[in-house]
Amino acid sequence: MITDVRGAGLMIGVELRTAALAELVQLRAFERGLLVLECGESSVRVSPPLVFTRDQAAAALKILAEVFGAVG
């Protein structure tokens, strides 16, 4: 499902197989309380704030893992 991961600093782009899959990942993450944005043809952008806690990072990663597991 994931074809590439790229980024600089905290802003990460996750390239997916199709634009429809990127849209679905964005929607499912939003439904779980995590904002990621579609960018380019078939990518989602993960761009956290400059200041966040370990717990917030862990929660975001957990949501992303759930989303990728559910849509894959």
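See above for the structure.
If you're wondering where the values come from, they're calculated on a predicted model, not measured in any experiment. (Residues numbered from 1 in each chain as written. Predicted model: local features only at pLDDT ≥ 70, side-chain atom pairs only at ≥ 80, totals over all residues. Heavy atoms only, no water.)

Student: Let's hear about the overall build of the chain: which residues, and what values?
Tutor: Counting its regular elements, the chain contains two helices and four strands. Taking 72 residues into account, the globule formula puts the C-alpha radius of gyration at 11 Å, and the chain, at 11 Å, falls close to it. In terms of overall dimensions, the chain has a C-alpha envelope of 30 × 25 × 15 Å along the principal axes. Buried positions account for 26% of the 72 residues belonging to the chain. Partitioning the contacts of the chain with sequence separation of at least 6, the portion at a separation of at least 24 is 50%. (Helix = DSSP H or I, 4+ residues; strand = E, 2+ residues; numbered from the N terminus. Rg over C-alpha atoms; globule rule 2.2 N^0.38 Å. Buried < 20%, exposed > 50% of the residue type's maximum accessible area, 1.4 Å probe, protein only. Contact = heavy atoms within 4.5 Å.)

Student: An account of the pairing of strand E2 (residues 11-16) is requested, with residue identities and associated values reported.
Tutor: The pairing of strand E1 (residues 2-8) with E2 spans six bridges and is classified as antiparallel. Following the sheet pairing, Ala8 is matched in E2 by Met11. Between the antiparallel neighbours E1 and E2 lie two residues, among them Gly9 with a positive phi of about 65°. In this structure, E2 lies alongside strand E4 (residues 43-46), joined through four bridges in antiparallel fashion. Directly across from Glu15, in E4, lies its bridge partner Ser43. (Pairing = 2+ DSSP bridges.)

Student: I'd like a description of helix H1 (residues 19-31), backed by residues and values.
Tutor: Its 13 residues give H1 an end-to-end C-alpha distance of 19 Å, which sits within 8% of 18 Å, the value for a rise of 1.5 Å per residue. Those residues of H1 lying buried are Leu21, Ala22, Val25 and Ala29. Seen end-on, H1 carries its buried residues on one side only, within an arc spanning 100°. Facing away from the buried side of H1 by more than 90 degrees, the exposed set consists of Ala20, Phe30 and Glu31. Elements that come into contact with the buried residues of H1 comprise E2, strand E3 (37-39), E4 and helix H2 (54-71). In the segment just after H1, Gly33 is the residue with positive phi, at about 95°. (Expected span 1.5 Å × (residues − 1). Arc of directions from axis to C-beta.)

Student: Report on the nonpolar core, specifying residues and quantitative values.
Tutor: Leu16, Val25, Leu34, Val36, Val44 and Phe68 are the most contacted members of the largest nonpolar core, which has 14 residues in total. Those elements that provide at least two residues to this core are E2, H1 and H2. Setting aside its immediate chain neighbours within four residues, Leu16 contacts Met1, Ile2, Thr3, Leu21, Ala22, Val25, Ser42, Val44 and Phe68. (Core = buried A, V, L, I, M, F, W, Y, C linked by side-chain atoms within 4.5 Å.)

Student: Now, about the sheet that holds E3: what can you tell me, with residues and values included?
Tutor: Strand pairing in a sheet is mediated by backbone hydrogen bonds. Such pairs are either parallel or antiparallel. Taken together, the four strands give an open sheet; going across it, the order is E1-E2-E4-E3, and neighbouring strands pair in antiparallel fashion. Where the open sheet ends on each side, the last strands, each with one partner, are E1 and E3. Across this sheet, the average inter-strand angle for adjacent strands is 30°, counted without regard to direction. Its contacts with the sheet place H1 against E2, E3 and E4, and it is angled at close to 160° to E3. (Axes fitted to C-alpha atoms, helices over the stretch in contact; angles between N-to-C directions.)

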